[in-house]
Amino acid sequence: MVPTGRAVVIGGGIGGLTAAAALHQKGWAVTVLERAPGLEPVGAAISLAPNSLRALDVIGAGDEIRDLASRMDDGGLRTPSGRWLARTDADALARRFGGPLVLLHRATLVTSLAARLPADAVRTGTPATVADPGDATRPARVGTPDGELEADLVVAADGIRSAVRDVLFPGHPGTVYSGFTTWRLLIPVPGAGFASHETWGPGRIWGSHPLKDGRVYAYAAAVTPAGGRAPDEKAELLRRYGDWHDPVPAILAAARPEDVLRHDVHHIAEPLPAFHQGRVALVGDAAHAMPPTLGQGGNQAIEDAVVLAHHAGDLAAYTAARLPRTTAISRQAVRAARLNMMTGRAAGAVRNAALAAVSRAAPLLFLKGFEGIADWRPPQAPYAARKTPDGDHPKEHTP
């Protein structure tokens, strides 16, 4: 495969646009094909950890995103009554992992990424699939309603229901239901003032986080059979969480039924044999969909993108760099889901007592769960970045 050439990206989400921007930065001619009529993402907010922010530094977007995002300050873990089980130390996290955890609207991130591409690079309303993955002697072919495109590299960023994944690995079982559904809200809440928190109840979770623009991002999750829907999802949230601690009732009071997004959670339980075939590489949920319990789904897609641009001439090296890491993180996310979505009250009480004891005795012990995740550094030095909080520019590191 040539070191630069024509790249076609299938999917205009965060992973696809980051890959497109990284490849464009390296001299590739990039075309992004997005089936939706626009790039406005379906979703609310996204948290970015130091690992993905360093990846964004590679394409010169890290500092802009840090400026646009709200830093997730001290908060912690609570019970439905409001009792704090554990408190987080944002400054300790930033010192340990070389930067803060930040939160912003997904649309803000998408806009920033798209602005790094030529104006004609993105084609919306264009569904696409792989007609031929190609090989070392011939280009890949991508089918669209307007005809086929040839490409030296195809980036499949077409999400959790990836059609490209099915073409490349037809024998793979695909995704499985993770056992719970999620709701998300991004709304203004008059007079809201609170610390970021996540609250764990029996088989249920609620999270509330203030954003820099004054809005509140809230999410909920509950163990429930797959495919369930309520006639009014706001009413469903009130039924499940309406008597939880402040600010949960105030957030729900400020929400309209149409503000509530609900999605069942699925993940890839059996890792793919590779993240590439021929001239096609999978990134993000198409490659390694995981539960959101570590907040790393989008972060890992961003990592994928910059590592793929680094190894674009050797997709086997891309697989070697990314498959073991994302498999380990996905399995950790599944284990975390089992812990925080416990349904038994007795087991939950034991868990909560242990969390509270650990928080009192060794408050920084909770950070160990992100070692090897948040401290990751990209394989290439950044094109543009201010100094990190420890005073150094991000160092080159082999993933």
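In this text, all values refer to a predicted model and were calculated from it rather than measured experimentally. (Residues numbered from 1 in each chain as written. Predicted model: local features only at pLDDT ≥ 70, side-chain atom pairs only at ≥ 80, totals over all residues. Heavy atoms only, no water.)

K.L.:
Mind showing me how you'd approach the overall build of the chain here?
P.N.:
Counting its secondary structure elements, the chain contains 12 helices and 19 strands. For 399 residues, the compact-globule estimate of 2.2 N^0.38 gives 21 Å, and the C-alpha radius of gyration of the chain, at 21 Å, lies within 12% of that figure. Viewed in the frame of its principal axes, the chain has a C-alpha envelope of about 65 × 50 × 35 Å. Scored against the burial criterion, the 399 residues of the chain give a buried share of 53%. For the chain, contacts bridging at least 24 residues in sequence account for 72% of all contacts bridging at least 6. (Helix = DSSP H or I, 4+ residues; strand = E, 2+ residues; numbered from the N terminus. Rg over C-alpha atoms; globule rule 2.2 N^0.38 Å. Buried < 20%, exposed > 50% of the residue type's maximum accessible area, 1.4 Å probe, protein only. Contact = heavy atoms within 4.5 Å.)

K.L.:
Is there a simple way to explain the packing of helix H1 (residues 14–25) against helix H10 (residues 297–310) in this structure?
P.N.:
Orientation of H1 relative to H10, taken along the N-to-C sense of each, is 25°, at an axis distance of 8 Å. One way to sum up the angle between H1 and H10 is to call them roughly parallel. Here H1 and H10 pass one another in a crossing that is right-handed. Listed contacts from H10 to Ile14, Gly15, Thr18, Ala19, Ala22 and Leu23 of H1 are Ala301, Ile302, Ala305, Val306 and Ala309. When grouped by side-chain class, the residues that make up the contact of H1 with H10 number 9 nonpolar, 2 polar and no charged. (Axes fitted to C-alpha atoms, helices over the stretch in contact; angles between N-to-C directions. Parallel < 35°, antiparallel > 145°, perpendicular 65-115°, else oblique. Left-handed = near helix turned anticlockwise from the far one by under 90°. Nonpolar A, V, L, I, M, F, W, Y, C, P; charged D, E, K, R; others polar.)

K.L.:
I would appreciate a short explanation of the packing of aromatic side chains in the present structure.
P.N.:
Both the distance between ring centres and the angle between the ring planes are used here to describe each pair of aromatic rings. Summed over all chains, the structure comprises 5 aromatic pairs. Here the aromatic rings of tryptophan 183 and tyrosine 241 are separated by 6.4 Å at their centres, their planes lie at 75°, and the arrangement is edge-to-face. Linking tryptophan 183 in strand E13 (residues 176–188) with tyrosine 241 in helix H7 (residues 233–241), this pair joins segments that are 58 residues apart in sequence. Tryptophan 183 gets classed as buried once you look at its relative accessible area, which sits at 1%. When its relative accessible area of 0% is taken as the criterion, tyrosine 241 is described as buried. Note on tyrosine 241 and tryptophan 244: the rings are 4.9 Å apart at their centroids and 80° apart in plane angle, and the pair reads as edge-to-face. Taken together, the aromatic side chains of Trp183, Trp206, Tyr241 and Trp244 make up a single cluster linked through ring pairs. Of note, arginine 204 hangs over the ring of tyrosine 241, and the distance from its end group to the ring centre comes to 6.0 Å. (Phe/Tyr/Trp six-rings, centres within 6.5 Å; stacked < 30°, edge-to-face > 60°. Lys NZ or Arg CZ within 6 Å of the ring centre and 35° of its normal.)

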